[in-house]
Amino acid sequence: QVQLVESGGGLVQAGGSLRLSCAASGYIFSTFVMGWYRQAPGKQRELVATITSDGITNYADSLKGRFTISRGNAKNTVYLQMNSLKPEDTAVYYCNVKGVVIYMDYWGKGTLVTVSS
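Just so we're clear, the structure is a prediction, and the values are computed from it rather than from any experiment.

Let us now look at the pattern of salt bridges. Proximity of charged atoms lets side chains of opposite charge pair with each other. Inspection of the entire model under this criterion finds 5 salt bridges. Here Arg38 makes a salt bridge to Asp89, at a shortest N to O gap of 3.0 Å. With Arg38 in strand S4 (residues 32-39) and Asp89 in the loop between strand S8 (77-82) and strand S9 (91-99), the pair connects residues that are 51 residues apart, well separated along the chain. We note that Arg38, like Asp89, is buried. Here Lys98 makes a salt bridge to Asp105, at a shortest N to O gap of 3.6 Å. For Lys98, a relative accessible area of 28% gives the class partly exposed. In this structure Asp105 comes out as partly exposed when scored by relative accessible area, which is 31%.

And the structure:
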């Protein structure tokens, strides 16, 4: 069915930037929301940002101004631009797709972002 593959993670110094990408394969026969979540060691998975098919974005309050979510021209892609990275941003970042009209809930396997001080 639907596969989500994240890329772009890696090791970066504090203050640096990374852009994460998520590519969805397979057809998504619904209106859907794409988003990024992250999970740090010992913590719950938390929302980073979401974007609707209409381009409406939602961010975790603590990340506003540093992270930007966007969709590519191909609607099966989503990006997360991460600026001014901090060590506390270290986590596995997961791509997610949720259906709006038709139920869907798909997750990627995650990409690790490590921010060194």
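A separate point is the sheet that holds strand S1 (residues 3-7). Think of a sheet as strands paired side by side through backbone hydrogen bonds, with each pair either parallel or antiparallel. Spatial ordering of the open sheet is given by S1-S3-S8-S7, a layout of 4 strands whose pairing is antiparallel. Two strands in the sheet have a free side with no partner beyond their single neighbour: S1 and strand S7 (67-71). Put simply, the sheet's adjacent strands are angled 15 degrees from each other on average, direction ignored.

A few words now on the state of the cysteines. Applying the stated criterion to the full structure yields 1 disulfide. Paired through a disulfide, Cys22 and Cys95 show a sulfur-sulfur distance of 2.1 Å. Its S-S torsion of approximately -85 degrees makes the covalent link between Cys22 and Cys95 left-handed. Residue Cys22 is found in strand S3 (residues 18-25), and its partner Cys95 is found in strand S9; the two are separated by 73 residues along the sequence.

Moving on to the packing of aromatic side chains. Each aromatic ring pair is specified by the distance between its two centres and by the angle formed by the two planes. What the rule picks out here adds up to 1 aromatic pair. Over the face of the ring belonging to Tyr94 we find Arg45, whose NZ or CZ atom lies 3.7 Å from the ring centre. Lying over the aromatic face of Trp107, Arg45 brings its terminal NZ or CZ to 4.7 Å of the ring centre.

Attention shifts here to the nonpolar core. Counting 32 residues, the largest nonpolar core has Trp36, Leu80 and Tyr93 as the members making the most contacts within it. Only S3, S4, strand S5 (46-51), S7, S8, S9 and strand S11 (111-116) provide two or more residues apiece to this core. Discounting residues that sit within four places of it in the chain, Tyr93 has contacts with Glu6, Leu20, Trp36, Tyr37, Arg38, Val48, Phe67, Leu80, Met82, Gly110, Thr111 and Val113.

So, how was this worked out
- Residues numbered from 1 in each chain as written.
- Predicted model: local features only at pLDDT ≥ 70, side-chain atom pairs only at ≥ 80, totals over all residues.
- Heavy atoms only, no water.
- Salt bridge = Lys/Arg side-chain N within 4 Å of Asp/Glu carboxyl O.
- Helix = DSSP H or I, 4+ residues; strand = E, 2+ residues; numbered from the N terminus.
- Buried < 20%, exposed > 50% of the residue type's maximum accessible area, 1.4 Å probe, protein only.
- Pairing = 2+ DSSP bridges.
- Axes fitted to C-alpha atoms, helices over the stretch in contact; angles between N-to-C directions.
- Disulfide = S-S within 2.5 Å.
- Phe/Tyr/Trp six-rings, centres within 6.5 Å; stacked < 30°, edge-to-face > 60°.
- Lys NZ or Arg CZ within 6 Å of the ring centre and 35° of its normal.
- Core = buried A, V, L, I, M, F, W, Y, C linked by side-chain atoms within 4.5 Å.
- Contact = heavy atoms within 4.5 Å.

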